[in-house]
Amino acid sequence: MDERQSPSPCSSRPSSPRTPPCEMLGSVGIEAVLDQLRIKAMKTGFEFNIMVVGQSGLGKSTMVNTLFKSKVWQSSLPSLELPMPQTLELHSMTHVIEEKGLKLKLTVTDTPGFGDQINNDKCWDPVLSYINQQYEQYLQEELLITRQRHIPDTRVHCCVYFVPPTGHCLRPLDIEFLQRLCRTVNVVPVIARADSLTIEERNAFRSRIQENLKTYCIDVYPQKCFDEDINDRLLNSKIREQIPFAVVGADREHLVNGRCVLGRKTKWGIIEVENMAHCEFLLLRDLLIRSHLQDLKDITHNIHYENYRVLRLNESHQLPRGPGCVNLAPASPGQLICPGPGKVRRRANKDSKEDEG
Amino acid sequence: MASSDEVLKKEHIRSLTMCGHVGFESLPDQLVDRSIQQGFCFNILCVGETGIGKSTLINTLFNTNFEEHESSHFCPSVRLKAQTYELQESNVRLKLTIVNTVGFGDQINKEESYQPIVDYIDDQFEAYLQEELKIKRSLFNYHDSRVHVCLYFIAPTGHSLRTLDLLTMKSLDSKVNIIPLIAKADTISKTELQKFKMKLMSELIISGVQIYQFPTDDDTTSRINTAMNGHLPFAVVGSMDEVPVGNKMVKARQYPWGTVQVENENHCDFVKLREMLICTNMEDLREQTHTRHYELYRRCKLEEMGFSDLGPENKPVSLQETYEAKRHEFYGERQRKEEEMKQMFVQRVKEKEAILKEAERELQAKFEHLKRIHQEERMKLEEKRRALEEEALAFSKKKAASELVQNQSFLASGSIRKDKDRKNSNFM
């Protein structure tokens, strides 16, 4: 752990620039603190907030159902009687799922109507304002005098962006949206409905998307500048090579070779969702749930939320400060205008080497 | 868990059943991995008089020889000395800070003994609060120096708590988790110890001192914690010296009449203390410090500064609004004061100017007056001089006239004398 003492105004704080490592002559039982942590975690439970963004018909709801193996949304097919949403609305649903005694409070936010209008200009504004609203709520709770013991966390930890499987490259709408969103929230782009692309087309599409992301400086999760040590970097570079994952969602089970698997049945075969040869759904699930969930929450809390907080507190003082501040017009509560690209410097971990970003 | 279901229903959250394995039971592992990466931090404050065995006990607790020399008994006031060490056990890194009270109970007048301790604890809270209120803050990197537990060493008199102990514990109980210990317990016999413990606990309860209670709400630890709660205060003995007992080397204190083994539960409560402090409740101690003591300090401090959640008419007011209002007020005040001072300055300058002008005028008048006098004197002198000159002239005229007359008469008398002289000389 980096030994960094923040300069403190109070002179009686213990300050030792080089803490001497001490030799312990025998075991004391400090390891037991890990078990204590586990017990505490099991008792308080976990929270996870995920947002899915993409045009209608790309399979977002099905994907969420498949990820969490339950009927998160009541009906997966949009009802034909309801008119298409004229504007972008956001729907949020919260569920509690339990596995092996561990409770997870899951909130899924859907964005029906995204990119469906004729004129999609500024269609990212409602999304951004929703995200900022959650930050604002958390900030207000944190600033109270009498705070709650555990502040309810509704901030969006991860935003899964569904790229339509055109096979060519990212569209202008995708680029605009991703550029703006990457600065505020962790974005994981996926290629939706990947069963319409062959493996070669998929790989070509993937490399073109990666090029696009690099050209437009879009930093998707896992961000390179937040890798803390060599292990992280190795693990994350492997993931970065595979981004965006080509996924297929399905919530029906079929019989294949005597086993019951989730899949889509077509005339020419059954696409197995959990088969790595067919699609990369497993990679997405592992990233989101099994290995990087805590990391997503940490980056949201330590980086994105702190950036928002700095912006918000700077703006309320209406004083121009150093290069990190942006002069925003006085905002009505909960609706921050997102600054254009290039104006806000990302405030990463002090220890990170930004040159490598 | 009926209450949590009700809470869920209130928030319109429904429970989902899953029809397959999702895999998030690895979440606690992810959490633990992250904590291992960050490392742990634990701060212990030892309060007790000099020579009661604080350093030895800490050495024994953590099985390490922290470098400490014997403290002097002649300190003029109580000082707090903090030392940070890095311990590592398998893959767990612990940053341990031990704060010792130097000179506690040594002074002749002990009135100021506990204030430095209270101030130290408040200072750590203050530092954390300031970091939290900063605009650009880095809480995940912050070296948390808030005191997590206070080990209070009670002298083994066998009678009761001393006044100093009572006063100190009373002033600390709302700021830190206190675990009282009976130090040097090898000087008390078993029966005396029982009585002493009961007396101490009853005194603490009567005086309303809130010591740390081991948490009993979790099933896994409630049984052992409740049992331990009944053994407080722990009677401890510390020693790093190893003595052969049977066929093993154990930590003990060797006397001519026997050996007191530190890790023998029949001899003292050291093992219980280590178990409770480190193995079972370290995380809870940290949590209590953060959620209870720190929040209390924060609330009091902010209310003292004039912030509150409810403005007049009981409408919720945010910290920022209050802060902004205060800032405006402050700036207004400052402007006003600046104006006032400016006015005062201008006023003073005017007054001084008037005085100076007055003085100048006076000087001028005096100068004129003197000049006039000088002129007059001069004229008088001129006149006198003229008069004198005239007189002199007149005198010289007179003198000339008289000289003429005298010359004439001399000539006349001269010839007579010549004749006389001729006559005289002829005679001779």
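Criteria and cut-off values
Residues numbered from 1 in each chain as written. Chains lettered and ligands numbered in written order. Predicted model: local features only at pLDDT ≥ 70, side-chain atom pairs only at ≥ 80, totals over all residues. Heavy atoms only, no water. UniProt positions renumbered as here; feature names shortened; annotations may be inferred. Helix = DSSP H or I, 4+ residues; strand = E, 2+ residues; numbered from the N terminus. Expected span 1.5 Å × (residues − 1). Buried < 20%, exposed > 50% of the residue type's maximum accessible area, 1.4 Å probe, protein only. Arc of directions from axis to C-beta. Contact = heavy atoms within 4.5 Å. Pairing = 2+ DSSP bridges. Axes fitted to C-alpha atoms, helices over the stretch in contact; angles between N-to-C directions. Salt bridge = Lys/Arg side-chain N within 4 Å of Asp/Glu carboxyl O. Phe/Tyr/Trp six-rings, centres within 6.5 Å; stacked < 30°, edge-to-face > 60°. Polar contact = N/O pair within 3.5 Å; in protein donor to acceptor, adjacent residues only side chain to side chain. Parallel < 35°, antiparallel > 145°, perpendicular 65-115°, else oblique. Left-handed = near helix turned anticlockwise from the far one by under 90°. Nonpolar A, V, L, I, M, F, W, Y, C, P; charged D, E, K, R; others polar.

Taking an unreviewed UniProt entry as the reference, chain A is identified by name as Septin-9 belonging to Nannospalax galili. Of the comments in the UniProt record for chain A, the one headed Sequence similarities (unreviewed entry) reads "Belongs to the TRAFAC class TrmE-Era-EngA-EngB-Septin-like GTPase superfamily. Septin GTPase family." Chain A has a UniProt comment under Function (unreviewed entry) that states "Filament-forming cytoskeletal GTPase. May play a role in cytokinesis."

### Thoughts on helix α5 (residues 199-215) of chain A
Residue and element names in this part refer to chain A. Taking 1.5 Å of rise per residue, 17 residues should cover 24 Å, and α5 covers 24 Å from first to last C-alpha, within 8% of that figure. Buried within α5 are the following residues: Arg202, Phe205, Arg206, Ile209, Asn212 and Leu213. Down the axis, α5 shows its buried residues gathered within 125° of arc, on one side only. With respect to the buried face of α5, the exposed residues turned more than 90 degrees away are Glu200, Glu211, Lys214 and Thr215. Taken together, the buried residues of α5 touch β4 (158-163), α4 (172-182), β5 (187-191), α6 (230-242) and β6 (245-246). One or two steps after α5, the chain reaches Cys217, where phi turns positive at roughly 55°.

### Points about the sheet that holds strand β10 (residues 258-261) of chain B
Residues and elements named next belong to chain B. Taken in spatial order, the 3 strands line up as β8-β9-β10 in an open sheet, and their pairing is antiparallel. Looking at strand neighbours, the two that pair on one side only are β8 (242-245) and β10, the edges of this open sheet. Each strand of the sheet is rotated relative to its neighbour by a mean of 65°, with strand direction disregarded.

### Some words on unusual backbone geometry
Residue Ile243(A) is joined to Pro244(A) through a cis peptide bond whose omega torsion reads -5°. The linkage connecting Leu232(B) with the following residue, Pro233(B), adopts the cis geometry, with an omega of -15°. Topologically, Pro233(B) is positioned in the loop between α7 (219-229) and β7 (234-235). One non-glycine residue, Ser90(B), adopts positive backbone phi at about 45°.

### Focus: helix α6 (residues 190-207) of chain B
Residue and element names in this part refer to chain B. In this model α6 runs 26 Å from its N-terminal to its C-terminal C-alpha over 18 residues, within 8% of the 26 Å that 1.5 Å per residue would give. Considered for burial, the residues of α6 that qualify are Leu193, Phe196, Lys197, Leu200, Met201, Glu203 and Leu204. Here the buried residues of α6 occupy an arc of 160° about the axis, which is enough to place them on one side. Of the residues in α6, the exposed ones pointing more than 90 degrees away from the buried face are Thr191, Lys195, Met198, Ile205 and Ile206. Tucked into the core, α6 has its buried residues touching β5 (149-154), α5 (163-172), β6 (178-182) and β7. Once α6 finishes, Gly208 follows within two positions and takes phi at roughly 75°, a positive value.

### A closer look at the pattern of salt bridges
Scanning the model with the defined rule gives 42 salt bridges over all chains in all. With a shortest N-O distance of 3.2 Å, Arg147(A) and Glu132(B) are connected by a salt bridge. Here the residue Arg147(A) occupies a position in the loop between α3 (125-143) and β4, and Glu132(B) occupies one in helix α4 (residues 115-133), the pair thus bridging two chains. Take Arg147(A): its relative accessible area is 13%, and that puts it in the buried class.

### Description of the packing of aromatic side chains
Following the criterion strictly, the structure yields 14 aromatic pairs over all chains and no others. Centre to centre, the rings of Tyr161(A) and Phe177(A) are 5.2 Å apart; their planes meet at 25°, and the pair counts as stacked. With Tyr161(A) in strand β4 and Phe177(A) in helix α4, this pair connects stretches of sequence that are 16 residues apart. Looking at Tyr161(A), the relative accessible area reads 0%, which means it is buried. Counting every residue linked through ring pairs, the aromatic cluster contains Phe125(B), Tyr128(B), Tyr142(B), Tyr294(B) and Tyr297(B).

### Some points on the side chain of Arg146(B)
Residues and elements named next belong to chain B. Looking at the element boundaries, Arg146 is found in the loop between α4 and β5. Polar side-chain contacts of Arg146 include one of 3.0 Å to the side chain of His290. Residues in contact with Arg146, not counting those within four places in the same chain, are Asn43, Gln124, Phe125, Tyr128, Thr289, His290 and Tyr294.

### Quick notes on the packing of α4(B) against α5(B)
All names here are of chain B. Look at α4 against α5: their axes get within 10 Å of each other, and the N-to-C directions meet at 20°. As far as their axial angle goes, α5 and α4 are roughly parallel. When the axes of α4 and α5 are compared, the crossing they make is right-handed. For the pair α4 and α5, contact is made by Ile117, Val118 and Ile121 and by Thr168, Ser171 and Leu172, respectively. Of the residues assigned to the contact of α4 with α5, the class counts are 4 nonpolar, 2 polar and no charged.

### Focus: the sheet that holds β4(A)
Strands in a sheet are paired, the pairing made by backbone hydrogen bonds, and the direction either parallel or antiparallel. The strand order across the open sheet formed by 7 strands is β6(A)-β5(A)-β4(A)-β1(A)-β3(A)-β2(A)-β1(B), and the pairing between neighbours is mixed. Of all strands in the sheet, those with a lone pairing partner are β6 of chain A together with β1 (14-16) of chain B, marking the two edges. As defined by bridge partners, β4(A) adjoins β5(A) across 5 bridges and the pair is classed as parallel. If you follow Val160(A) over to β5(A), its bridge partner there is Val188(A).

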